[in-house]
Structures are given as C-alpha cells and as structure tokens.
Amino acid sequence: AVNTTHHDLDLLDIPKNQKFLMNIGEKGAGKDMERGKEAVQQHQQDILHLTRQTFGAQVDHIMVCFGAGGGTGSGSVVGLVEIAKRYARYIGLKDPNKNVGVLMTLPTVGEASSPRVAENAYKSAWELSQMAAAGKISPLIIVDNDKISRMYPGMTVRSFWPSINNTVASLFDIFNKLSSLSSQYTSFDPVDYHSIMESGGCAIMGLTKVSKFSDKFTLSEAVKKNLEKTLLAGGFDLTSSKVSGCIAVGGKRLMASAKGLQDNIDYAFDVLSEITGKATIHRGIYE
Ligand SMILES: Nc1nc2c(ncn2[C@@H]2O[C@H](COP(=O)(O)OP(=O)(O)OP(=O)(O)O)[C@@H](O)[C@H]2O)c(=O)[nH]1
Ligand SMILES: [Mg+2]
C-alpha cells in the first residue's frame, strides 16, 4: 500500500513493511493529482522493489486498487500501473497488458459535491476507461461507493469502509476460488477464469441467492437482475460484452433431488448469453 501521508497508511491492517510512504515533503496530496503523479515518479524504484519483496514471483494477475477523487490515488494510478507491468514482466508474465488490471472506487455523492473531487474522479475514470478499451489494462472494475452505501443503509461510521471493502473483496475472491476447484458436473476452470480476467475492457460481477429454484424463470431472472443492479458501477451496455462467467452452486441434497434443476440452470445460462449479446459464456455448476 502506498500513499503520500502516513495517516492514510497507519490504519491499514497489513504488516508495516508492506506500507510505503511516498514522501513528497507534505502530508497528503491535498486532492492535487499532479502531486500524486510526481510522487509515484519520484519513488518508482522503491515501489517496484517493495512489490517484488512483498508478492514474490508466483503471481498470475495484479490489480492496482485506488479510491478516485483524491490527489494521491487518482494522480498516481497510471504510474502505478506502469510499475505493475514492469513487475509482471520481471516475474515472467508474457503479456503485462493482460495481467494488470485496476479496481477503482467512485466517490460518494457527498464527497463528489466538492468539484475538485468530482473532477479528479472523472479524469481518472476517463483515462482508465480508454486504457481498458485499448487493451492496456485488464480488467477495469469500478466500485460505486455511493451505490453500495445506498444498498446497505444505516451503517455505522466504523463499519462503512470495511464492509464495502469486504463485500467487494469477497465477490472478487469467490470466482477465483471456485475456479481452483473441480466439479463433478461442469467445471469453471482456471483457464476460463483467466480468459475473463485477460479479455480487457470493464468487468462487473455479482452474487445472488435464489430460493425458489424449481420455477424455470427465477434462476434466469436472478441472473438478469443481478447484472442490472450489481454492487459495481452501472450503465454498461451488456450486449457489447465479450466474455462472461456464470457459476451455479447448490447443496449436495439439492443437486441429487431437485427435479428439473439442470434445465433451469441451463435456461439461466442461455438467458445470460442473450443479455450479453452472445458473449462467450464460461459455465460452472458446483456442489
Ligand atoms: N471503497 C472504499 N473507498 C475508499 C476507502 N478509503 C477511501 N475511499 C475512497 O477514496 C476516495 C479518495 O480518498 P482520499 O484520501 O481523498 O485520496 P488520496 O488518494 O489519499 O489523495 P489525497 O488525500 O488527496 O492525498 C475517498 O473519497 C473515498 O471515496 C476504502 O477503504 N474503501
Ligand atoms: Mg488521502
């Protein structure tokens, strides 16, 4: 983790030697993106070194994460992506453009009422979208802090960022984890997962629980609704998607006894194929 002030680093629950202060003589970039940009240029060697030291060489994919709106993250993200690509090359990844992605958060409506914050967020979202569309990063995941805060109203101050972060991290984690497991039915395997992570553009993800699975349409509806109202930023044209993955997970007893469930799951996969403009669908059915 890097920042221009130790205040933003101190509270992070990670080992001290994984935090790096990009010392620019002042505490924080004060929402000035130029300062963030200069900070990363000034310290790129140290950051690359810390990355190698922290993560070693057994890494498949790198996600640079930052909160848009401030000066440090927004200003330094493109420089950090460059460092991540150098690291990727160093550990032997063939195509760094496909193995380095970005996870960014959009400021809440309240935060973005400050014109500087809104402008910073807009600038970095625009630049990263261009990079994603041009296949220079893969994927770009945009987390909408405001949307999540509206989905989980009534949060305490203390739980606000940690619960948003946990929600997003576990969503990201579950596809990765499931792809490492094999299934006796249909496996969503690591190659499928990689092909999604490496396809460029923007990525959205969702997770939903379905209880009335015996009805033909509830599963497909759940898939559809989930894509429309994910935790992540909305407004994407789903018909332009290139690849997608969908995994159905059910209990042992359910898989053995629910009549017609296979048909309903297949129907949900077909509907997903329709909504995504016939994107390649990687399927998985797990118990
Ligand atoms: N989801 C999530 N968003 C966060 C978290 N921490 C900060 N943010 C978002 O990131 C934005 C930018 O944070 P800042 O501290 O302003 O940015 P900075 O990159 O440190 O830049 P300066 O403070 O100007 O140096 C905030 O406005 C929040 O919307 C977090 O833990 N989780
Ligand atoms: Mg800050």
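Residues numbered from 1 in each chain as written. Chains lettered and ligands numbered in written order. Predicted model: local features only at pLDDT ≥ 70, side-chain atom pairs only at ≥ 80, totals over all residues. Heavy atoms only, no water.

A short note on the overall build of the chain
Next, step 1: Along its length, the chain carries 13 helices and seven strands.
Next, step 2: Taken over the C-alpha trace, the chain has a radius of gyration of 20 Å; the compact-globule value for 287 residues is 19 Å, and the two agree within 12%.
Next, step 3: Buried positions account for 43% of the 287 residues belonging to the chain.
Next, step 4: Looking at the chain alone, contacts between residues at least 24 apart form 72% of all its contacts between residues at least 6 apart.
Next, step 5: Of the accessible surface of the chain, which amounts to about 15,900 Å², a share of 54% is contributed by carbon and sulfur atoms. (Helix = DSSP H or I, 4+ residues; strand = E, 2+ residues; numbered from the N terminus. Rg over C-alpha atoms; globule rule 2.2 N^0.38 Å. Buried < 20%, exposed > 50% of the residue type's maximum accessible area, 1.4 Å probe, protein only. Contact = heavy atoms within 4.5 Å. Areas by Shrake-Rupley, 256 points an atom, 1.4 Å probe, with all protein chains shown as cover.)

A look at the domain arrangement of the chain
Next, step 1: Here the domain parsing of the chain yields domain 1 (2-138) and domain 2 (183-286).
Next, step 2: On the side of domain 2, seven residues touch domain 1, which itself brings nine residues to the contact.
Next, step 3: Carbon and sulfur atoms make up 58% of the surface buried where domain 1 meets domain 2, a total of about 600 Å² over both sides.
Next, step 4: Summed over the shared surface of domain 1 and domain 2, the result is zero salt bridges.
Next, step 5: Linking domain 1 with domain 2 are five residue pairs in polar contact (both at pLDDT 80 or more), by the criterion used here.
Next, step 6: Among the residues forming the side of domain 1 that touches domain 2, the class breakdown is four nonpolar, three polar and two charged. (Domains from an automatic or database assignment. Buried area = accessible area lost by both parts, 1.4 Å probe. Salt bridge = Lys/Arg side-chain N within 4 Å of Asp/Glu carboxyl O. Polar contact = N/O pair within 3.5 Å; in protein donor to acceptor, adjacent residues only side chain to side chain. Nonpolar A, V, L, I, M, F, W, Y, C, P; charged D, E, K, R; others polar.)

A look at the packing of aromatic side chains
Next, step 1: Evaluated as defined, the whole model comprises two aromatic pairs.
Next, step 2: Pairing phenylalanine 217 with tyrosine 267 gives two aromatic rings, centres 5.6 Å apart and planes at 85°, and the pair type is edge-to-face. With phenylalanine 217 in helix 11 (residues 216-228) and tyrosine 267 in helix 13 (residues 261-275), this residue pair connects regions lying 50 residues apart in the sequence.
Next, step 3: On the accessibility criterion, tyrosine 267 (26% relative accessible area) is partly exposed.
Next, step 4: Here the basic side chain of arginine 52 rests over the ring of tyrosine 90, its NZ or CZ set 3.6 Å away from the ring centre. (Phe/Tyr/Trp six-rings, centres within 6.5 Å; stacked < 30°, edge-to-face > 60°. Lys NZ or Arg CZ within 6 Å of the ring centre and 35° of its normal.)

Looking at the site of ligand 1
Next, step 1: Residues in contact with ligand 1 amount to 20 residues; listed here are only the nearest, Lys31, Thr72, Gly73, Glu111 and Asn165.
Next, step 2: At 2.6 Å, a side-chain N or O of threonine 72 approaches an oxygen atom of ligand 1.
Next, step 3: One of the side-chain N or O atoms of glutamate 111 is found 2.6 Å from an oxygen atom in ligand 1.
Next, step 4: For the shell around ligand 1, the secondary structure elements donating two or more residues are helix 4 (72-90) and helix 9 (157-179).
Next, step 5: Looking at the shell around ligand 1, the element that brings in the most residues is helix 9, giving three residues.
Next, step 6: Considering only residue class, the shell around ligand 1 consists of five nonpolar, twelve polar and three charged. (Near = heavy atom within 4 Å.)

Topic: the packing of helix 9 against helix 10 (residues 190-197)
Next, step 1: Where helix 9 meets helix 10, the closest approach of the two axes is 8 Å, and the angle between their N-to-C directions is 145°. When you trace helix 9 past helix 10, the crossing you get is left-handed. Along its contact with helix 9, which presents Phe172, Phe175, Asn176 and Ser179, the element helix 10 presents Pro190, Tyr193 and Met197.
Next, step 2: Class assignment of the residues belonging to the contact of helix 9 with helix 10 gives a composition of five nonpolar, two polar and no charged. (Axes fitted to C-alpha atoms, helices over the stretch in contact; angles between N-to-C directions. Left-handed = near helix turned anticlockwise from the far one by under 90°.)

Examining unusual backbone geometry
Next, step 1: In this structure, the amide linkage connecting serine 138 to the following residue, proline 139, adopts the cis form with an omega of -15°.
Next, step 2: Relative to the assigned elements, proline 139 resides in the loop between helix 7 (115-133) and strand 5 (140-144).
Next, step 3: Of note in the backbone geometry, lysine 31 takes a positive phi value of approximately 65° without being a glycine.
Next, step 4: Its location among the elements puts lysine 31 in the loop between strand 2 (20-21) and helix 2 (33-42).
Next, step 5: At lysine 278, a position not held by glycine, the phi torsion is positive, near 60°.
Next, step 6: Among the secondary structure elements, lysine 278 is positioned in the loop between helix 13 and strand 7 (280-286).
Next, step 7: Given the relative accessible area of 59%, lysine 278 is considered exposed.

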